[in-house]
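Here is what each chain is made of, one letter per residue.
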Amino acid sequence: MINPQANRSFVFKWEAFDLSTRWHYHPELELIYFMKGHTNSVIGDGFGEFAEGDLVLLGANFPHVLQENPAFKRQYPEERPFGLIIQFTRRFFG
């Protein structure tokens with residue numbers, strides 16, 4: 001979530017996905033690019049899987065969670081899914 005007192009309009013994260021985060025939503029839009037690995041997901045009322053090269057745009061206040069993919073974890077026990085997350089406010093584009 002973006003801290004409005006910090007006068008920020010976006011947050012940029014390039015890191016391993018935190019798969020311990022619970023089902024949540026936030027007022028920012030969120031763009032997720034999957035660079036490495038596989039994750040399971042629950043987005044709104046849909047279940048799915050994301051893999052390398054997938055790009056997802058989530059709307060403001062849209063409930064979601066990324067979860068561990070058991071098959072990926074078994075095959076690559078030392079690896080963590082990794083990617084780029086950009087969260088931005090509705091006013092980001094003016």
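Quick caveat: nothing in here was measured; it's all calculated off a predicted structure.

> Pulling in residues and values, what's your account of the overall build of the protein chain?
Within the protein chain, the regular secondary structure consists of one helix and seven strands. Each helix and strand of the protein chain, placed in order from N terminus to C terminus, yields the pattern β-β-β-β-β-β-α-β. By the compact-globule yardstick of 12 Å for 94 residues, the protein chain fits well, its C-alpha radius of gyration being 14 Å. Summarising its shape, the C-alpha atoms of the protein chain cover approximately 45 × 25 × 20 Å along the three principal directions. Relative to its full complement of 94 residues, the protein chain shows a buried share of 34%. By sequence separation, contacts in the protein chain at least 24 residues apart represent 68% of the contacts at least 6 residues apart.

> Please set out the packing of aromatic side chains residue by residue, giving values where relevant.
Evaluation of the coordinates by the stated rule reveals four aromatic pairs. Aromatic side chains Phe34 and Phe50 sit 4.8 Å apart centroid to centroid with 15 degrees between the ring planes, which places their arrangement in the stacked category. Of this pair, Phe34 sits in strand S2 (residues 29-36) while Phe50 sits in strand S4 (residues 46-51), and the two are 16 residues apart along the sequence. For Phe50, a relative accessible area of 15% translates into the label buried. Three or more aromatic residues joined by ring pairs form one cluster here, namely Phe17, Phe34 and Phe50.

> So, the pairing of strand S7 (residues 82-88): which residues are in play, and what are the values?
Taking burial as the measure, the seven residues of S7 include five buried ones, the bulk of the element. The pairing of strand S1 (residues 10-16) with S7 spans seven bridges and is antiparallel. When the bridges of S7 are listed, Trp14 appears paired with Leu84. Pairing of S2 with S7 involves seven bridges; the strand directions are antiparallel. Within the sheet, the bridge partner assigned to Leu29 lies in S7 and is Phe88.

Reading guide: rules and limits
- Residues numbered from 1 in each chain as written.
- Predicted model: local features only at pLDDT ≥ 70, side-chain atom pairs only at ≥ 80, totals over all residues.
- Heavy atoms only, no water.
- Helix = DSSP H or I, 4+ residues; strand = E, 2+ residues; numbered from the N terminus.
- Rg over C-alpha atoms; globule rule 2.2 N^0.38 Å.
- Buried < 20%, exposed > 50% of the residue type's maximum accessible area, 1.4 Å probe, protein only.
- Contact = heavy atoms within 4.5 Å.
- Phe/Tyr/Trp six-rings, centres within 6.5 Å; stacked < 30°, edge-to-face > 60°.
- Pairing = 2+ DSSP bridges.

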